[in-house]
Amino acid sequence: MAMAWLWTGMVAVSLIFGALTGNLNALSAAALEGAQSAVELCLAMCGVMCLWTGVMEVMNQCHLTDRLASLFRPLLRRLLPNASRDSETLAAISANLSADLLGLGNAATPLGIRAACRMSRGCKGTASDELCLLVVLNTASIQLLPTTLAGVRASLGTADPFDILPAVWLTSLLSVFAGLLAAKLFAHFWRN
Amino acid sequence: MALSTLIVPVLLTFTACFALGKRVDVYSALTKGAEEGLTVLLHILPSLIALLSAVYMFRASGAMEALGTLLAPALDRIGIPAETAPLLFIRPISGSGALAVGSEIMDSYGVDSYIGRVAAVMLGSSETTFYTVAVYYGAAGITKTRYTIPAALCADAVMFLASAFFVRLLMGA
């Protein structure tokens, strides 16, 4: 429902604002132009994006994802000691994070959900500290190759769709650290 | 030569050789994955159509510029370009909404401009916070989310600041 409110809000604000500033004439053309440009955007980014989801699938099938997952395990044992005691949960979490890292969103979510379900057993609907941490990690996920983004940039005629990668990596690394730090801090002060 | 110009050909070759060494049918895996990409695009197209028409109306009415002007003094102080203000609101709420707003910003300020790059890094460095929280806790039957959302929003705030900072540091303003 949030999106329904957001969409209606944007359209209504546009109408009111357009009436106040005298830009009303441009609105109808803008709405149609926006719809058209959505199709153009999708078509233009289609090639780059599908090529990369193809490469990601190859990585998945030759078990590069599993290798990545095993690299995560020592780190996860320290971050989530309770959940890591159950080997199946640990496997799901590390596979979840490595799929996130490779940008395999469709694969990452079911794995993460499996881990979250196992971690939430017997907690009566209240998120444990470790479950909070897992979800925060997922909301701030690090992606090695943001393929959708590269597709959009390529469709807009950038000189190099991947030249922002170092900035993306440093930014997401920092934001993951901030999320971890915030979660650890809040765990100490949060009541109930 | 920039490292990023090598990433694509090297990654393609490495992945193909590695997979072939593991006796994986590289070609059919590649096309299967490409088909998945197509499904993803098909799924986001309807919401992109809806959202981009609203975003274009929002811009044409002058409301987007007003929002930027309103927030410019505060954003300037912390080093975030005011033109990316709409993205700050929509990034945690909707993935396709952020894609719509972000691509519009990149298009109108130039995809290789400072503003366009900051918008791109903001898009690429985070997940859709509220959606992720809803999906995970919904599936796990969690109703008391405790500090999950505040902590995730802290990460988002740092992400916005860092996007502007690292683009300026690594690629110039």
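Residues numbered from 1 in each chain as written. Chains lettered and ligands numbered in written order. Predicted model: local features only at pLDDT ≥ 70, side-chain atom pairs only at ≥ 80, totals over all residues. Heavy atoms only, no water.

Asker: Before we go on, may I ask you to explain unusual backbone geometry in this structure?
Answerer: As a rule of thumb, non-glycine residues mostly have phi less than zero, and peptide bonds are mostly trans rather than cis. Phi at His63(A) takes a positive value of approximately 65 degrees, unusual for a residue other than glycine. Note on placement: His63(A) falls in the loop between α2 (24-61) and α3 (64-79). His63(A) sits in the partly exposed class, given a relative accessible area of 45%. One non-glycine residue with positive phi stands out, namely Arg23(B), at about 60 degrees. Along the polypeptide, Arg23(B) turns up in the loop between α1 (3-21) and α2 (26-60). Exposure remark for Arg23(B): the relative accessible area of 74% places this residue in the exposed category. (Helix = DSSP H or I, 4+ residues; strand = E, 2+ residues; numbered from the N terminus. Buried < 20%, exposed > 50% of the residue type's maximum accessible area, 1.4 Å probe, protein only.)

Asker: For this particular structure, what's the right way to read the interface of chain A and chain B?
Answerer: The parts lose accessible area when they come together, and the size of an interface is often stated as this lost area. Taken together, the contact between chain A and chain B spans 94 residues of the former and 86 residues of the latter. When the two sides are added together, the surface that chain A and chain B hide from each other amounts to roughly 7,900 Å², 77% of it contributed by carbon and sulfur. Taken together, the links from chain A to chain B amount to four salt bridges. We note a salt bridge from Arg153(A) to Asp112(B), for which the minimum N-O separation is 3.3 Å. Mapped onto the side of chain A that touches chain B, the elements with two or more residues apiece are α1 (2-21), α2, α3, α6 (105-119), α7 (129-139), α8 (147-155) and α9 (165-189) of chain A. Considering every element that reaches the side of chain A that touches chain B, the biggest residue donor is α2(A), with 25 residues. Each residue belonging to the side of chain A that touches chain B can be placed in one class, and the counts come to 59 nonpolar, 28 polar and seven charged. (Contact = heavy atoms within 4.5 Å. Buried area = accessible area lost by both parts, 1.4 Å probe. Salt bridge = Lys/Arg side-chain N within 4 Å of Asp/Glu carboxyl O. Nonpolar A, V, L, I, M, F, W, Y, C, P; charged D, E, K, R; others polar.)

Asker: I would appreciate a short explanation of the packing of α8(A) against helix α5 (residues 95-109) of chain B in the present structure.
Answerer: The description of two packed helices rests on the angle between their axes and on the distance between the axes. At a minimum axis separation of 10 Å, α8(A) and α5(B) run at an interaxial angle of 35 degrees. The handedness of the crossing between α8(A) and α5(B) is right-handed. On the side of α8(A), the interface is formed by Thr148(A), Leu149(A), Val152(A) and Arg153(A), while α5(B) contributes Leu99(B), Ser103(B) and Met106(B). (Axes fitted to C-alpha atoms, helices over the stretch in contact; angles between N-to-C directions. Left-handed = near helix turned anticlockwise from the far one by under 90°.)

Asker: How do you make sense of α9(A) when you look at a structure like this?
Answerer: Since the α-helix turns once every 3.6 residues, residues separated by three or four places project in the same direction. Here α9(A) spans 36 Å end to end across 25 residues, near enough to the 36 Å set by a 1.5 Å rise per residue. Regarding α9(A), the residues found buried are Leu165(A), Ala167(A), Val168(A), Thr171(A), Ser172(A), Ser175(A), Val176(A), Ala178(A), Gly179(A), Leu180(A), Ala182(A) and Ala183(A). (Expected span 1.5 Å × (residues − 1).)

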